[in-house]
Amino acid sequence: MLGLLFVTFMIGRVMPVDPVLAIVGDRASQEIYQQVYQDLGLDRPLLVQFGLYLRDVMQGDFGTSILTARPVAEDIARVFPATLELATLGTLIGVVLGVPLGVIAAVRRGSWIDQVARVVALVGYSMPIFWLGLMGLLVFYGILGWVGGPGRVSIFYDGMVPSVTGMILLDSMIARNWTVLRDAFSHIVLPASLLGYYSLAYISRMTRSFMLEQLSAEYVTTARVKGMSERQVIWGHAFRNIRVQLITVIALSYAGLLEGSVLTEIIFSWPGIGSYITTALLSADMNAVLGGTVVVGLVFVLLNVLSDLLYKVFDPRAK
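Residues numbered from 1 in each chain as written. Predicted model: local features only at pLDDT ≥ 70, side-chain atom pairs only at ≥ 80, totals over all residues. Heavy atoms only, no water.

What to know about the overall build of the protein
Along the protein, the regular secondary structure elements total 15 helices and 0 strands. Within the protein, the proportion of its 319 residues that are buried is 41%. A sequence separation of at least 24 residues applies to 71% of the contacts in the protein between residues at least 6 apart. Split by element, the accessible area of the protein, about 17,400 Å² in all, is 64% carbon and sulfur. Of note, the protein has its 22 positive side-chain charges centred 16 Å away from the centre of its 22 negative side-chain charges. (Helix = DSSP H or I, 4+ residues; strand = E, 2+ residues; numbered from the N terminus. Buried < 20%, exposed > 50% of the residue type's maximum accessible area, 1.4 Å probe, protein only. Contact = heavy atoms within 4.5 Å. Areas by Shrake-Rupley, 256 points an atom, 1.4 Å probe, with all protein chains shown as cover. Lys, Arg positive; Asp, Glu negative; His and termini not counted. Charge placed at Lys NZ, Arg CZ, Asp CG, Glu CD.)

Things to note about the nonpolar core
By size, the foremost hydrophobic cluster in this structure holds 44 residues, and its most contacted members are Leu5, Tyr53, Phe62, Ile76, Phe80, Leu258 and Ile273. Secondary structure elements with two or more residues in this core: α1 (2–14), α4 (46–58), α5 (72–107), α8 (168–174), α9 (178–215), α12 (243–260), α14 (273–282) and α15 (286–314). Top contributing element to this core by residue count: α15, with 9 residues. Tyr53 has contacts with Leu5, Phe9, Phe62, Leu290, Gly291 and Val294, leaving out every residue within four places of it along the chain. Val99, Val220, Ala223 and Ile234 belong to the second-largest nonpolar core, a separate cluster that totals 17 residues. (Core = buried A, V, L, I, M, F, W, Y, C linked by side-chain atoms within 4.5 Å.)

Notes on the layout of surface pockets
Its boundaries defined by the atoms lining it, the largest pocket holds a volume of some 600 Å³. Sorting the residues of the lining of the largest pocket by element identifies α1, α2 (19–24), α3 (30–39), α4 and α15 as the ones contributing at least two each. The residue makeup of the lining of the largest pocket, split by class, is 12 nonpolar, 7 polar and 7 charged. Approximately 430 Å³ is the volume found for the second largest pocket. As for the second largest pocket, its lining consists of 23 residues, and the residues nearest its centre are Arg152, Val153, Asp158, Ile168 and Pro271. (1 Å grid on protein atoms, 1.4 Å probe; cavity = no way out; pocket = protein on both sides within 12 Å on 5 of 7 lines; lining within 4 Å. Points joined across faces, edges and corners; volume = space filled by probe spheres on them. Nonpolar A, V, L, I, M, F, W, Y, C, P; charged D, E, K, R; others polar.)

A short note on a nonpolar patch on the surface
Residues Phe130, Trp131, Leu134, Met135, Leu138, Val139, Phe140, Ile143, Leu144, Trp146 and Leu263 make up a contiguous nonpolar surface patch of roughly 1,100 Å² in combined accessible area. Sorting elements by how many residues they give to the nonpolar patch places helix α7 (residues 129–143) first, with 8 residues. Topologically, Trp146 is positioned in the loop between α7 and α8. Classification of Trp146 as exposed rests on a relative accessible area of 62%. (Patch = residues over 30% accessible without salt bridge, like charges linked within 9 Å, V, L, I, M, F, W, Y side chains within 5 Å. Salt bridge = Lys/Arg side-chain N within 4 Å of Asp/Glu carboxyl O.)

So, the packing of aromatic side chains
Tallied over the full model, the rule gives 6 aromatic pairs. Considering the side-chain rings of Phe6 and Phe50, the 5.2 Å spacing of their centres and the 90 degrees angle between planes classify their relative orientation as edge-to-face. Placement of the pair is Phe6 in helix α1 and Phe50 in helix α4, with a sequence separation of 44 residues. Cluster of aromatic residues (ring-pair linked, three or more members): Phe6, Phe9, Phe50 and Tyr53. (Phe/Tyr/Trp six-rings, centres within 6.5 Å; stacked < 30°, edge-to-face > 60°.)

Focus on the packing of helix α10 (residues 218–225) against helix α11 (residues 230–238)
The geometry of α10 relative to α11 is characterised by a closest axis approach of 10 Å and an angle of 145 degrees between their N-to-C directions. Remark: the crossing between α10 and α11 carries right-handed chirality. Seen from α10, the contacting residues are Tyr219, Val220, Ala223 and Arg224; seen from α11, they are Glu230, Val233, His237 and Ala238. When grouped by side-chain class, the residues that make up the contact of α10 with α11 number 5 nonpolar, 1 polar and 2 charged. (Axes fitted to C-alpha atoms, helices over the stretch in contact; angles between N-to-C directions. Left-handed = near helix turned anticlockwise from the far one by under 90°.)

Points about the pattern of salt bridges
Under the definition given, this model contains 6 salt bridges. Here Asp56 ties to Arg55 by a salt bridge, and the two come within 3.3 Å at their closest N and O atoms. In this structure Asp56 comes out as partly exposed when scored by relative accessible area, which is 22%. Salt bridges sharing common partners tie together Arg70, Asp75 and Arg78.

Side note on unusual backbone geometry
Even without glycine at this site, Ala69 takes up a positive phi of about 60 degrees. The residue Ala69 is located in the loop between α4 and α5 in this model. With phi around 55 degrees, Arg176 is a residue other than glycine that occupies positive phi space. For Arg176, the position within the fold is in the loop between α8 and α9. Taking relative accessible area as the criterion, Arg176 reaches 64% and is therefore assigned exposed.

The following block contains the structure:
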């Protein structure tokens, strides 16, 4: 985290963006410009600036956003639940469908099921997600009308549910407003499915690879010779030995969706942290960009630590 803070801070300082002009505008006098320049501490050495920035970050202070005129920490707390909700649902779709698909493809290696699974994974892993998003909106929203359009909820229902968790599906359940729940689900199902397809492609490919390695091991042959059923061999022995590897794959996939759903959020007008960072970057709001980047990095670190802790649950040798 210290390395991430240092790198992001230095990138923010060397970028060809003048944070003072972003605040005062290009018509401000030289006196005002110089005053703001000093107030921001830009007249001090870079290491001193980084020390002050590190002190503020440790206190949860990422500065004030130029666009919203609010503390960046408050903005992130407002937009991050939307990304968390979208990425969580996408990861669930990827795990529920991707793991069985990878296992079946490995067991039926060389069959038509394996070929279909590999093509599905290849298309999902290589197809540009912004193109899939546009095509999904055109077909399922514009032509068929099966799903809701861009945004988290229809304009008519906006603000009807009190924000408790920041996640519209949970908040509507808490408020027992089933109408808003159905409308919110119709809006999230398409972007979540696209992210889930992307996650499915990665998880199924890795699951297939892990299972092929286990199915060729001697203990699997021994289990079959002893007369164990194929179900016990596959799920009771081979799959149990890839769970630790799958934890890492799923954790990285989840983290990737949390920080890599920028294009999806922009296409679907989803007010998450990806859209927030992108808008801030285009507007030279470096406090917001650095704050969002640090939060995304923290998520990666926490998910890696969580996967390490889960190793001890699924693999006694890790203890």
